[in-house]
Amino acid sequence: MSITRYPGKAVGRSESVEHNGIVYTAVIAPDLSTGLRDQTRQALEQLDANLDEAGTDRTRLLSATVYITDMSRKPILNEVWDAWIGPEHWPQRACVEVGLEGDTLVEIVAIAAKQEETREPEDE
């Protein structure tokens, strides 16, 4: 079974990795000078981009682990997440308080199923 790696910007890291129809990705906000609300929004935009590059989208998310530096601010994260994820297709999600590098306030690790490939009917 093949493994597809989507190159990342940091040495030794991939933006996403795909294996056996499953996409694994991790994101942070590109602009860390903003607050939690904006960093969450940016991270989710990056998650959309990573999933799209790998041929899937947020409706195919299976699981997400959200790392946040201050659990007392989780309602802010949830507000942005809930608006982004919509009323359907909710993945299993965990939120964990951790120390993150520098000014990073949120990091999201996600697993998604690939889009099902559709085949054209064969001519008879």
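Presented here is an overview of the structure given in this document.

**Some thoughts on the side chain of Ser16**
Along the chain, Ser16 falls in strand E2 (residues 14-19). Residue Ser16 is classed as buried on the basis of its relative accessible area, which comes to 1%. Beyond its immediate chain neighbours, meaning those up to four positions away, Ser16 contacts Thr4, Arg5, Tyr6, Val23, Tyr24, Thr25 and Asn50.

**Here's the deal with the pattern of salt bridges**
Applying the stated criterion across every chain, the model contains five salt bridges. Between Arg37 and Glu79 there is a salt bridge, with its nearest N and O atoms 2.8 Å apart. Of the two residues, Arg37 is situated in helix H1 (residues 36-53) and Glu79 in helix H2 (residues 74-85); the sequence distance between them amounts to 42 residues. The class of Glu79 is partly exposed, set by a relative accessible area of 48%.

**A word on unusual backbone geometry**
Phi is mostly negative for residues that are not glycine, and the peptide bonds are mostly trans. In this structure, Asn20 is a non-glycine residue whose phi angle is positive, near 55°. Tracing the sequence through the fold places Asn20 in the loop between E2 and strand E3 (22-28). Residue Asn20 is classed as exposed on the basis of its relative accessible area, which comes to 55%. For His89, which is not a glycine, the phi torsion comes out positive at approximately 60°. With respect to the secondary-structure elements, His89 resides in the loop between H2 and strand E5 (92-97). In this structure His89 comes out as partly exposed when scored by relative accessible area, which is 43%.

**What to know about the pairing of strand E4 (residues 61-68)**
Two elements, E4 and strand E6 (residues 106-113), share seven bridges in a ladder whose sense is antiparallel. From the neighbouring strand, Ala64 faces E6, where its bridge partner is Ala110. Direction of pairing for E4 relative to E5: parallel, over a ladder of six bridges. For Thr65, the partnering residue across the bridge sits in E5 and is Ala94.

Conventions and cut-offs
- Residues numbered from 1 in each chain as written.
- Predicted model: local features only at pLDDT ≥ 70, side-chain atom pairs only at ≥ 80, totals over all residues.
- Heavy atoms only, no water.
- Helix = DSSP H or I, 4+ residues; strand = E, 2+ residues; numbered from the N terminus.
- Buried < 20%, exposed > 50% of the residue type's maximum accessible area, 1.4 Å probe, protein only.
- Contact = heavy atoms within 4.5 Å.
- Salt bridge = Lys/Arg side-chain N within 4 Å of Asp/Glu carboxyl O.
- Pairing = 2+ DSSP bridges.

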